Amino acid sequence: HIESEKIMVASSENSIARDQSTSSHANATNKIIHGEIGCQCINATDILSSLTDRSCTITTSSGQHNGILLTVNGPCVEYDYGSNVCLPHDMMVDPYCGQISSSSSNIISERCNRRWCYVNAMECMGASSERVYRSNNFPAGSGVELYYSSSTCGFSASDLEDSQPQQNLGGESLKAITAAFNIVPWNYKRNSNGDIPVVPGEEYYNNTIPYEGVHIDYVKSLQQISNGDFDLDFVHGSRASLRIYQGAPGNAAVQDVVDGLVDIVIGPIWITGDRLKRTSFSMPIQYDRTVLVIPRPGIRRSYAEETSKVLDPFTMGVWLLLVGMIAVTAVLSVWFSKKRSKESSVYGRLAVDEFLQKGTFFCSGGVKQDETSSLPRKLLMFGFAFFILIVLSAYVANLAAFLTRSNSSPVTTIEDVIARQMNICAHPVLADDLKLTHPKANFVFNQEGKELYGLVDDYDAGKCEVMAVGTMDSLGDLNLIDLFCERDLVFTDSLVMENPVGFPIRSDLATGFSYWMYQGEKYHDIDIQTLQEEYNEEFQRQPSCDVLLSGQSSDENSEYAKIDVANLFFPLMFFLVCAAVGALLQLYYRWAVKQIEPESQGPPIVWASHLLGSHSTLNLKGKSRKKFKRYSTRREEDEY
């Protein structure tokens, strides 16, 4: 058939040469034979004949001669295959065309009868609008640059594109593994007891034990819609890779793909720069947000912290100023008093009384009106009353806010953590990316191969104050969430970094597998989020507490809007202490009075009357029981 085509071309050329008068017809015929101007057929004989590693022998009726293998398994074609002229070069050499049945003659006409030739790709791209393709027989990396065009031979680019057979994975059976780490609900194996250990044992190497999880269901769903385009053969990874990458089962699984032991890794594998240098990945299945995990704010409250809140509205300087003002007011009140005495101890007692009285005025927000006091005393009390008004107004205005605030300022952003030089527990696989993103942060990386559980161990050991955790892996693992609940740890909205998650896969399979991922999500509603929700509903999986800080904001506001007994701990204890001390002094005063004999003139009488008496006096001498009793009964005369 090909020989007849060549004869036809030769006959056409002779006919064109004889008919020089019909130039338009000649130009049209020349385009059909040699291609459009600007993208004409080339002679690729020298290129094909130089590929000695693909050399083969062609047997014809005239004998044997050398040819070239288009693929490893054939066919063997002439060196001038695809050169110089537009012909259906694949008609007799493509196994696909040779296997077409008579019932599929329409397919033959669309593909196998299509004319094409090798062309100069750069010339066609710049000097014409013809569609050019790289030869599938000489892919990138083969060292052979051969391109072909069918549109230059008279077929439209759309016809060529529509007639291409759907070739994705070609029915290949993919050897699939998961990383040697059970991550519920994504992928895991059960042991002989039906339990799911964090680090799998020998059951991981038993291929008769099935994998379970959301990602396993996901790829099986893709297999079903592919109509046999690919199959999955679940096996196990190598022990050697795990020995090389101790503590990093994800990297070990990637290494198995690099070594050609398996075709694909199913599971939540972060796409990092280091891993991309080693192997290809499918299109991302998710994007994992690594966020800051901190102790729950406002949960731990102590009486010491609640006490400090009462003093927080004012600075220490303001409190010292208040005490000084009360002391000065008390001293001046004694000086302005009408009473006089020659004994300094009496003035001392008066000063104490005045200090306590002015302190009472301050705390009660007012002063006592005394019409008999002198003008200087009234002026003094007027200024003191104004001072009380301003200070108390400012204090009361701020007190409610301080009483209801969190005990300490919670660190809720990665910027705050870095500023305070706090240690951050993080996954070792993300070490390079985290250090690049936050070079000033103090990261602690667990090297024991326990994945996120290792971060919890480091937190318990006091190696870090906060953690950087990926939400995709952690929020789906209820065992891990329970550990967070026990430690009152919550996820913030502070983004540390974001990583795409995909399946490590052989480079020649990545495009075809990603195609089915796209088809599954777009046309069949097959996506990870939907499968995870179905999984949680089937197994009734719910976390034991709310670990999302953003979801607790309204509840926390309502809790701290009401002032409870703990908020009032300090003023309550202050009152109780004052009451207790006053009761003790009153009891001692009564005891001292009962101990006085009629003839007693000793120090107990004087000490009790001066310091423990209910009223101050300027004329109490404390020399006799009679004068002491007179002092006790004359209350109005003893007022100052």
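Scroll up a little and you will see the structure.
Residues numbered from 1 in each chain as written. Predicted model: local features only at pLDDT ≥ 70, side-chain atom pairs only at ≥ 80, totals over all residues. Heavy atoms only, no water.

Visitor: For this particular structure, what's the right way to read the sheet that holds strand β15 (residues 466-470)?
Guide: Within a beta sheet, neighbouring strands are joined by backbone hydrogen bonds and run either parallel or antiparallel to one another. With mixed pairing, the 6 strands of this open sheet are ordered in space as β10-β16-β12-β15-β13-β14. Single-partner strands in this sheet number two, and they are β10 (269-270) and β14 (442-445). One ladder, built from 4 bridges, connects strand β12 (residues 286-295) with β15; its direction is antiparallel. Bridged to Thr-290 within β15 is Gly-470. Against the sheet, helix α20 (residues 478-486) touches β12, β15 and β16 (489-502), its axis set at about 155° to β16. (Pairing = 2+ DSSP bridges. Helix = DSSP H or I, 4+ residues; strand = E, 2+ residues; numbered from the N terminus. Contact = heavy atoms within 4.5 Å. Axes fitted to C-alpha atoms, helices over the stretch in contact; angles between N-to-C directions.)

Visitor: What am I meant to see in a negative patch on the surface here?
Guide: Judged by side-chain charge, Asp-217, Glu-533, Glu-534, Glu-537 and Glu-538 come together as a negatively charged surface patch. Top element by residues in the negative patch is helix α22 (residues 528-539). It accounts for 4 residues. Note on placement: Glu-533 falls in helix α22. A relative accessible area of 47% places Glu-533 in the partly exposed class. (Patch = residues over 30% accessible without salt bridge, like charges linked within 9 Å, V, L, I, M, F, W, Y side chains within 5 Å. Areas by Shrake-Rupley, 256 points an atom, 1.4 Å probe, with all protein chains shown as cover. Salt bridge = Lys/Arg side-chain N within 4 Å of Asp/Glu carboxyl O. Lys, Arg positive; Asp, Glu negative; His and termini not counted. Charge placed at Lys NZ, Arg CZ, Asp CG, Glu CD. Buried < 20%, exposed > 50% of the residue type's maximum accessible area, 1.4 Å probe, protein only.)

Visitor: Just to check I follow, could you spell out the state of the cysteines for this structure?
Guide: In a disulfide, the sulfur atoms of two cysteines are held together by a covalent bond. All told, the structure shown has 6 disulfides when counted by the stated rule. Bridging Cys-86 to Cys-153, the disulfide has an S-S length of 2.0 Å. With the S-S bond torsion at -80°, the cross-link from Cys-86 to Cys-153 turns out left-handed. Here Cys-86 is found in the loop between β3 (76-77) and α4 (95-98), whereas its partner Cys-153 is found in the loop between β6 (147-149) and α7 (157-163), with 67 residues between them in sequence. Taken as a pair, Cys-86 and Cys-153 share a single burial class, namely buried. The disulfide bridge from Cys-425 ends at Cys-464, spanning 1.9 Å between sulfur atoms. Given an S-S torsion of about -100°, the disulfide between Cys-425 and Cys-464 has left-handed geometry. Taken together, the residues span a long stretch of sequence, with Cys-425 in strand β13 (residues 423-426) and Cys-464 in the loop between α18 (452-460) and β15 at a distance of 39 residues. (Disulfide = S-S within 2.5 Å.)

Visitor: Hey, could you run me through the pairing of β16 in this one?
Guide: For a regular strand, side chains alternate in direction, first toward one face of the sheet and then toward the other. Along β16, 10 of the 14 residues are buried, which leaves the element largely enclosed by surrounding structure. Of the pairings in the sheet, the one linking β10 to β16 comprises 2 bridges and is antiparallel in character. Within the sheet, the bridge partner assigned to Ile-269 lies in β16 and is Gly-502. Here β12 pairs with β16 via 9 bridges, running antiparallel. Its bridge partner being in β16, Val-293 is matched across the sheet by Phe-491.

Visitor: I'm lost on the sheet that holds β6 in this one. Help?
Guide: The strand order across the open sheet formed by 3 strands is β4-β6-β5, and the pairing between neighbours is antiparallel. Every other strand in the sheet has two partners, leaving β4 (117-119) and β5 (133-134) as the edge strands with one partner each. As paired strands, β5 and β6 are joined by 2 bridges and run antiparallel to one another. The residue bridging Arg-134 from the neighbouring strand is Tyr-147, located in β6.

Visitor: I tried to follow the packing of helix α8 (residues 214-225) against α22 on my own but got confused; where do I start?
Guide: Helix-helix packing: each pair is described by the crossing angle between the helix axes and the interaxial distance. Between α8 and α22, the least distance of the axes is 9 Å, while the angle of their chain directions is 125°. Put simply, α8 runs oblique to α22. Between α8 and α22 lies a crossing whose hand is right-handed. Where α8 approaches α22, its residues Val-214, His-215, Asp-217 and Tyr-218 are matched on the opposing element by Ile-528, Leu-531, Gln-532 and Tyr-535. Considered class by class, the residues forming the contact of α8 with α22 number 5 nonpolar, 2 polar and 1 charged. (Parallel < 35°, antiparallel > 145°, perpendicular 65-115°, else oblique. Left-handed = near helix turned anticlockwise from the far one by under 90°. Nonpolar A, V, L, I, M, F, W, Y, C, P; charged D, E, K, R; others polar.)

Visitor: How should I be thinking about the side chain of Asn-182 in this particular structure?
Guide: Checked against the element boundaries, Asn-182 lands in the loop between β7 (172-177) and α8. Using a relative accessible area of 7% as the deciding quantity, one classes Asn-182 as buried. A polar contact of 3.0 Å, which involves the side chain of Asn-182, links it to the backbone nitrogen of Lys-189. A distance of 2.7 Å separates a polar side-chain atom of Asn-182 from the backbone oxygen of Pro-197. Here Asn-182 is in contact with Asn-187, Tyr-188, Lys-189, Ile-196, Pro-197, Val-198 and Pro-200, once residues within four sequence places are set aside. (Polar contact = N/O pair within 3.5 Å; in protein donor to acceptor, adjacent residues only side chain to side chain.)

Visitor: In this structure, what is going on with empty space enclosed by the protein? I would like to understand it.
Guide: Over the atoms rolls a probe the size of a water molecule, and in doing so it shows where empty space is left. Inspection of every chain in the model, using the stated rule, returns 7 cavities of 30 Å³ or more. Quantified by volume, the largest cavity comes out at close to 150 Å³. The set of elements that each furnish at least two residues to the lining of the largest cavity consists of α10 (249-258) and β10. A class-by-class count of the residues in the lining of the largest cavity yields 8 nonpolar, 4 polar and 3 charged. Approximately 70 Å³ is the volume attributed to the second largest cavity. Taken together, the residues of the lining of the second largest cavity break down into 5 nonpolar, 1 polar and 3 charged. (1 Å grid on protein atoms, 1.4 Å probe; cavity = no way out; pocket = protein on both sides within 12 Å on 5 of 7 lines; lining within 4 Å. Points joined across faces, edges and corners; volume = space filled by probe spheres on them.)

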